[in-house]
Amino acid sequence: MKTLLRALLITLLAIGGTFALDPFRNYQLALAAACFAAVAGLTVLVGLTGQLSLGHAVLMAAGGYGFAFAASAVDGPWPLALLAGLAAAAVVSGLLGLLLGAAAARLRGPYLAGLTLALVIALPAAANTLPLGGDQGAPAPFFPVPEALAALIAVEQWHAWLAIVVAAIAVTPLVVLRSGSAGLRMRAVLDDETASRLSAVDPGAVKTGAFVASAVPAGLGGAVLAIATQQVTPGGYGLAFSLLLVVAAVIGGLGSIGGAAIGSVLVTVLPWLIDELAALAPDDLGRRLDGNLALLLFGAGLIALTTAWPGGAARLLDRLRAARPLRFATPSTTTER
Amino acid sequence: MRTQKPFKSAAALAAAAALGLAACSTPDSDESVPGVTDDTVTIGTHQPLTGPAAAGYATISAATAAYFEYVNANGGINGREIEYLVKDDGYDPSATQSAVRELVTEEKVFAIVNGLGTPTHSAVLDYLDQQSVPDLFVSSGSLTWNQPDVYENTFAFNADYVTEGAALAQYAVDQQPDAKICVLGQDDDYGDGIIEGVETVLGSNAVTDVQVYSTSAEDLTAQMGAMMAAGCEVNVLGTINGFTAMAVGTAAQMEWFPKWYVSSSGADYPTLAGYLGADLAPQLLQGMVSVNYLPFSPDGEWVALFEEINAEYNDGAPFTGNTVFGMSVGYLFAEALAAAGDDPTRESLVAAIESGDLVGNGIVPLSFAEGDHAAYRSVGITVVNEGVQDYVGTTYEVGAGSVSAVEPNPVPLANEGIPGS
Amino acid sequence: MDRFVFLLSAGLARGAVLALFALSLVIVWRTARVVNFAQAAMAVAAVYAAFAVTAATGSYWAGLLTGLAAGALLGAIVERGLMRRLPAHAPLPGIIVAIGLVMVLQAGLAIAFGPEHRPMQPPFSQRPFIIGGIPVLSPYDLFTLGAAAAVMAALALLFNRSSLGLRLRAAAFAPETARLLGVRVPRMITLGWALSCAAASLAALLLVPTELGLNPHAVDLLFVNAFAVAVIGGLDSPAGALVAGIGVGLLVSLVTGYASASAAPLAVLALMTLVLLVRPGGLFAPKEARTA
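None of these values were measured; they are calculated from a predicted model. (Residues numbered from 1 in each chain as written. Chains lettered and ligands numbered in written order. Predicted model: local features only at pLDDT ≥ 70, side-chain atom pairs only at ≥ 80, totals over all residues. Heavy atoms only, no water.)

What follows covers the overall build of chain B. Across its full length, chain B carries 13 helices and 13 strands. Relative to a compact globule of 421 residues, whose C-alpha radius of gyration would be 22 Å, chain B shows 23 Å and is just as compact. When the backbone C-alpha atoms are referred to their principal axes, chain B occupies close to 70 × 65 × 40 Å. Per-residue burial for chain B yields a buried fraction of 61% across its 421 residues. When contacts within chain B are restricted to residue pairs at least 6 apart in sequence, long-range pairs at least 24 apart make up 70% of them. As displayed, chain B has an accessible area near 14,800 Å², and 49% of this comes from carbon and sulfur atoms. Averaging the positions of the 11 positive and the 55 negative side-chain charges in chain B gives two centres separated by 18 Å. (Helix = DSSP H or I, 4+ residues; strand = E, 2+ residues; numbered from the N terminus. Rg over C-alpha atoms; globule rule 2.2 N^0.38 Å. Buried < 20%, exposed > 50% of the residue type's maximum accessible area, 1.4 Å probe, protein only. Contact = heavy atoms within 4.5 Å. Areas by Shrake-Rupley, 256 points an atom, 1.4 Å probe, with all protein chains shown as cover. Lys, Arg positive; Asp, Glu negative; His and termini not counted. Charge placed at Lys NZ, Arg CZ, Asp CG, Glu CD.)

Below, the structure written as structure tokens:
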């Protein structure tokens, strides 16, 4: 109950915050919210069960396609289309997550990473082979500002609201799950599979379940992107984006949902900010730095964080709040297993 | 862990809010025309300056910018200088969305001009339509841009791929009526369009073999082997420059020298020569047939002007088909802006293009009209001879399902390439 | 039938390169229990070094040697500078650091050299021999096959027949015991990385002249396919890398030739899923007890 109230409070706070932002910043906020949903799922999967998925972009794409097709198919008032789209996004990504989870239950770390990597690479081919609209992708319906609000807010702000609400719906169950007995079981499996098996915890079931629980928020994140951009294209969900999700999870601190929020904002805003700075450099150099400098810094950040400072941003905040008891300050980090 | 969550999320939000500074999100009620001041017009574009497509297309926007600098140095259009904002999207549709939203909401551009790529530009088509931003001269041959009923502000620039495919097939039939004709296409709307065009002329059963490739796999051995085994004599290519070079090179390695008929997007001789090497290129590309509609004849007056502009305003960058393309787009926008009147609005700009009065600088006048947002419906055949690519005079107009030969009607250069004044 | 033979021969040469790259992944996995996701970026950096030397001296062979040396050096540096600092026996940090390294190397190369494709000339003709009217392997394909086979044989000899190989294997499988028996385990791990990256660089050096040209992403697809190959064959098994490499090379060639290029990545994914469903440790999986 406490978690739900808190979620509600944060959601309202975030919606209030959109009034301080201009349209483009609100659009970026919607993107960050989409990332947040996916990264929250990823960070729980990696941090609590130790399964590294490089394919969360594909789970987002699955959610996005599900949303686009279902919401376009519904011929009714917009809330109905929205709900149908979200339900489809959850179902499609959940099913794909179930498949991956079933595979993951049988595979050790690098094998799973390999499978998910091949999945990302196969996405454009799948979009061309299956009836998904090829490179142009599938159009998602446009949700205009409701009339009652039209005088008050611009469309970007409205989409930011939708994004925040959907992200909240996606992430809150994850928080509940993580702090409940399911989270305990995940940690048990991570610590020692044999011991957990002896305590009647089936590692395979836990791993599969964790994958599904991680896939659904990712799918909803994909739906958020489809709302904000009215389009789902395979090109938007490539390897680079998938790796960016991993970056966000690691920067935030693996296992930490608050960290996922920080990481998502960083990977959304920093590349843009750095490119603005790179544009100030002389022509030729600026062109070379553009896009690449952000990547370089993210890569260096990943390495530095993992080798020197494995807790990520979440740990930093813990340090700042030194009053906190220490035992809370060490969630599952990259150094644990 | 549990109790600190609000703090963290709030901190994240505060960080996001701080980046937004004191901006407000309420809808604009400003009466003035976005992007137009008394002495400037600001327009924007999205281009692949980084990423896998950068190698083929990054030079286009530089050429356009150089042309605008030339115009500005000579007084601008109706007394206004053109400011051209180029955003990089790395050929990634999600990056395009961010780039174009930034141009529209932050930079408040008057229009988006020459956004490049089918998957990329498709991603912002609806957005630009909702915002009523003129979406001019899209740099892609998809038929998507010519839907005036749905997208009333979107106009194409390239001759569409179906038109190119049909013209290439017609020329092949006219030259060698009995040849076995095959197609190699990219696995997207580009390849599909070329294949569709060839099939409208030949009938779908008369194409001997159809192969596709994906840009992610840089290997055409399997495809070339299959086409060779099928006995193809004329290969129509819907390929980008790099893969055109690879197809020609791979076939040559197999001692196979069929006729090459290549779409304009993959037949730029200087670029192909860069891939194949300056010593081999004249030999391997001898007789390569292509289509075009822009004035790139090496001894033409437009090329002479563009070469001057390139030397003075583009640091003498290599002069290729991309240079002519980029400057021609710039010229067309300048012409449209001049025609939009002394106090241009988004409506008057679109009306100027739909009026049908714009002629452009092509080998045939533009076909824009009310209810028709395609720029070029006629294309001229070009052939490479001893390392020089030029028009041979044959020109085809492609209508609904039919191809007919027409006379070329090149638009002459006037007023030193600065429209309006 | 002609077409089938042609596609087989085309797939064989590609498969050899795949197998070699997959083998490099197997080596580093066996010595350090890390899947090196940065293998492609490190290899492409080595190819840039080779390209620069070939451009300066005009000799392909000087470039080749430089590339191999640069690859080995880079492997050793990455192991000493980064991987060694990570906690042992946890796969995740190694993978994440490698991903970071990919971003740093590729972005760094793009900043330093620009995004252009730089065509590389092969040392031998790519004109295939025509046998019975069918174009089969070219001299360059033969060179590729020969080089890959020679390196694989040399590595097999090294690992299975020499005392250095014995120490390498001991350091990988029983580091504590090996240390007690006087094996300098850290040195062996560095050596494993150097060997692995040199092999990967060779595979990249063989591949790039058949592509459009050298660019920071030139080896990405090779890595993804080679990783699939290593996983299909079993990460611990050099023989698995060889068999699966040739197999996947043939599969991609046949699917591209008979179906379509778009279907090739899907075919690889399907094969990998199928193999992993039946044998979660790959085709040539060792006994369970060997789990790290």
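Attention shifts here to the overall build of chain A. Assigned secondary structure in chain A consists of 15 helices and two strands. Relative to the 2.2 N^0.38 estimate, which gives 20 Å for 337 residues, the radius of gyration of chain A is 20 Å and therefore close to what a compact globule would have. Expressed as a percentage of its 337 residues, the buried residues of chain A come to 61%. Within the structure as shown, chain A displays about 12,200 Å² of accessible surface, and the carbon and sulfur contribution to it stands at 71%. When the 18 basic and 16 acidic side-chain charges of chain A are each reduced to a single mean position, those positions are 16 Å apart.

The next subject is the UniProt feature "transmembrane region" (unreviewed entry) in chain A. All names here are of chain A. Taking the UniProt record as the reference, the feature "transmembrane region" (unreviewed entry) is found at residues 30-50, 57-74, 80-102, 109-127, 158-177, 243-274 and 294-317. Strand forms 0% of residues 30-50 and helix 95%; the C-alpha atoms that close the span are 29 Å apart. Here residues 243-274 runs as 88% helix and 0% strand, with 18 Å between its end C-alpha atoms. (UniProt positions renumbered as here; feature names shortened; annotations may be inferred.)

Residue and element names in this part refer to chain B. Burial of strand 6 (residues 181-186) is extensive: six of the six residues sit out of reach of the surface. Residues Ile181, Val183 and Gly185 of strand 6 are buried on one face, and the alternating residues Cys182, Leu184 and Gln186, pointing to the opposite face, are buried as well. Taken together, the five bridges between strand 6 and strand 8 (residues 234-238) define a ladder with parallel strand orientation. The residue bridging Cys182 from the neighbouring strand is Asn235, located in strand 8. With five bridges joining them, strand 6 and strand 7 (residues 209-213) adopt parallel strand pairing. If you follow Cys182 over to strand 7, its bridge partner there is Asp209. Note on the crossover from strand 6 through helix 6 (residues 189-202) to strand 7: the handedness is right-handed. (Pairing = 2+ DSSP bridges. Right-handed = clockwise from strand over helix to strand, strands pointing away.)

Turning to the state of the cysteines, a few remarks are in order. Residues and elements named next belong to chain B. Following the criterion strictly, the structure yields one disulfide over all chains and no others. In this model Cys182 forms its disulfide with Cys232; the gap between the sulfur atoms is 1.9 Å. Here the S-S torsion is close to -90 degrees, and the disulfide linking Cys182 with Cys232 is therefore left-handed. Here Cys232 lies in the loop between helix 7 (221-229) and strand 8 and Cys182 lies in strand 6, a separation of 50 residues in the sequence. (Disulfide = S-S within 2.5 Å.)

This part is about the interface of chain C and chain A. Counting residues at the interface gives 46 residues for chain C, matched by 40 residues for chain A. Both sides of the chain C and chain A interface together cover about 3,900 Å² of buried area, and 82% of this is carbon and sulfur. Counting the surface chain C buries against chain A, the share from its top three residues, Ile96, Met103 and Ile111 of chain C, is 18%. Those elements that place two or more of their residues in the side of chain C that touches chain A are helix 4 (91-113), helix 9 (220-233) and helix 11 (263-278) of chain C. Per-element tally for the side of chain C that touches chain A: the top contributor is helix 4 of chain C, with 17 residues. Residues belonging to the side of chain C that touches chain A are distributed by class as follows: 36 nonpolar, 10 polar and no charged. (Buried area = accessible area lost by both parts, 1.4 Å probe. Nonpolar A, V, L, I, M, F, W, Y, C, P; charged D, E, K, R; others polar.)

A few words on helix 10 (residues 238-258) of chain C. With 21 residues, helix 10 of chain C extends 30 Å between its outermost C-alpha atoms, agreeing within 8% with the 30 Å of an ideal straight helix rising 1.5 Å per residue. By the burial criterion, the buried members of helix 10 of chain C are Gly240, Ala241, Ala244, Gly245, Val248, Gly249, Ser253, Val255, Thr256 and Gly257 of chain C. Looking at the packing, one finds that the buried side of helix 10 of chain C touches strand 7 and helix 7 of chain B together with helix 1 (2-32), helix 9 and helix 11 of chain C. (Expected span 1.5 Å × (residues − 1).)

Residues and elements named next belong to chain B. One non-glycine residue with positive phi stands out, namely Asp315, at about 55 degrees. With respect to the element layout, Asp315 can be found in the loop between helix 11 (301-313) and helix 12 (321-339). Among the residues examined, Asp315 registers a relative accessible area of 74% and is labelled exposed. If you check the backbone angles, Asn415 has positive phi at about 55 degrees while not being a glycine. Positionally, Asn415 belongs in the segment after strand 13 (403-406).

On to a negative patch on the surface. Together, Asp38, Asp39, Glu81 and Glu83 of chain B make up a region of like negative charge exposed at the surface. Under the relative-accessibility criterion, Glu83 of chain B is labelled partly exposed at 38%. (Patch = residues over 30% accessible without salt bridge, like charges linked within 9 Å, V, L, I, M, F, W, Y side chains within 5 Å. Salt bridge = Lys/Arg side-chain N within 4 Å of Asp/Glu carboxyl O.)

All names here are of chain B. Along its sequence, chain B is organised into domain 1 (40-159 + 296-362) and domain 2 (161-292). Put simply, the middle of domain 1 and the middle of domain 2, counted by C-alpha atoms, are 28 Å apart. At the boundary of domain 1 with domain 2, total buried surface from both sides reaches about 870 Å², with 50% on carbon and sulfur atoms. Of all residues in domain 1, Tyr57, Gly141 and Ala159 give up the largest surface area on contact with domain 2, accounting jointly for 38% of the area buried on that side. The interface formed by domain 1 and domain 2 holds zero salt bridges in total. Along the contact surface separating domain 1 from domain 2 lie three residue pairs in polar contact (both at pLDDT 80 or more). For the side of domain 1 that touches domain 2, a count of residues per class yields five nonpolar, eight polar and no charged. (Domains from an automatic or database assignment. Polar contact = N/O pair within 3.5 Å; in protein donor to acceptor, adjacent residues only side chain to side chain.)

Here we come to the pattern of salt bridges. Scanning all chains against the criterion turns up nine salt bridges over all chains. Via salt bridges that share partners, Asp22 and Arg25 of chain A together with Glu106 of chain B belong to a single interconnected network.

Attention now goes to the packing of aromatic side chains. All chains considered together, the criterion is met by 37 aromatic pairs over all chains. Pairing Trp302 of chain B with Tyr331 of chain B gives two aromatic rings, centres 5.0 Å apart and planes at 75 degrees, and the pair type is edge-to-face. With Trp302 of chain B in helix 11 and Tyr331 of chain B in helix 12, the pair connects residues that are 29 residues apart, well separated along the chain. You can call Tyr331 of chain B buried: its relative accessible area is 8%. Centroid distance Phe124 of chain C to Phe143 of chain C: 5.1 Å. Interplanar angle 55 degrees. Geometry classified as tilted. Placement of Phe124 of chain C in the loop between helix 4 and strand 1 (130-131) and of Phe143 of chain C in helix 5 (residues 139-161) is noted, with a sequence separation of 19 residues between them. Every member of this aromatic cluster is reached through a ring pair, and the members are Tyr67, Phe68, Tyr70, Tyr84, Trp302, Phe306, Tyr313, Tyr331 and Phe333 of chain B. Over the face of the ring belonging to Tyr127 of chain B we find Arg101 of chain B, whose NZ or CZ atom lies 4.2 Å from the ring centre. Across the ring face of Phe159 of chain C, the terminal group of Arg30 of chain C is positioned such that the distance to the ring centre comes to 6.0 Å. (Phe/Tyr/Trp six-rings, centres within 6.5 Å; stacked < 30°, edge-to-face > 60°. Lys NZ or Arg CZ within 6 Å of the ring centre and 35° of its normal.)

This part covers the sheet that holds strand 11 (residues 378-385) of chain B. Residues and elements named next belong to chain B. Across the sheet, which stays open at both edges, the eight strands sit in the order 7-6-8-9-10-11-12-13 with mixed pairing between neighbours. With one partner strand each, in any of the chains shown, strand 7 and strand 13 form the two edges of the open sheet. Each adjacent strand pair in this sheet contributes to an overall mean axis angle of 30 degrees, direction not counted. As defined by bridge partners, strand 10 (residues 289-292) adjoins strand 11 across four bridges and the pair is classed as antiparallel. Residue pairing for strand 11: Ser290 is matched across the bridge by Thr382. Where helix 5 (residues 161-175) meets the sheet, its contacts fall on strand 6, strand 8, strand 9 (259-262), strand 10, strand 11, strand 12 (388-398) and strand 13, and the angle it forms with strand 12 comes to roughly 105 degrees. (Axes fitted to C-alpha atoms, helices over the stretch in contact; angles between N-to-C directions.)

Let us look at the sheet that holds strand 5 (residues 154-156) of chain B. Residue and element names in this part refer to chain B. With respect to topology, five strands assemble into an open sheet ordered 2-1-3-4-5, the strand pairing being parallel. A strand with exactly one partner marks an edge of an open sheet, and here the two such strands are strand 2 (81-88) and strand 5. Sheet twist, expressed as the average angle between the axes of neighbouring strands with direction ignored, equals 20 degrees. Relative to strand 2, strand 1 (residues 40-47) runs parallel, the two sharing eight bridges. When the bridges of strand 2 are listed, Thr40 appears paired with Glu81. Contacts from helix 3 (residues 93-106) reach strand 1, strand 2 and strand 3 (111-113), with the element oriented near 155 degrees to strand 2. Contacts between helix 12 and the sheet are confined to strand 1, strand 2, strand 3 and strand 4 (135-138), with strand 4 contributing the most and set at about 150 degrees to the helix.

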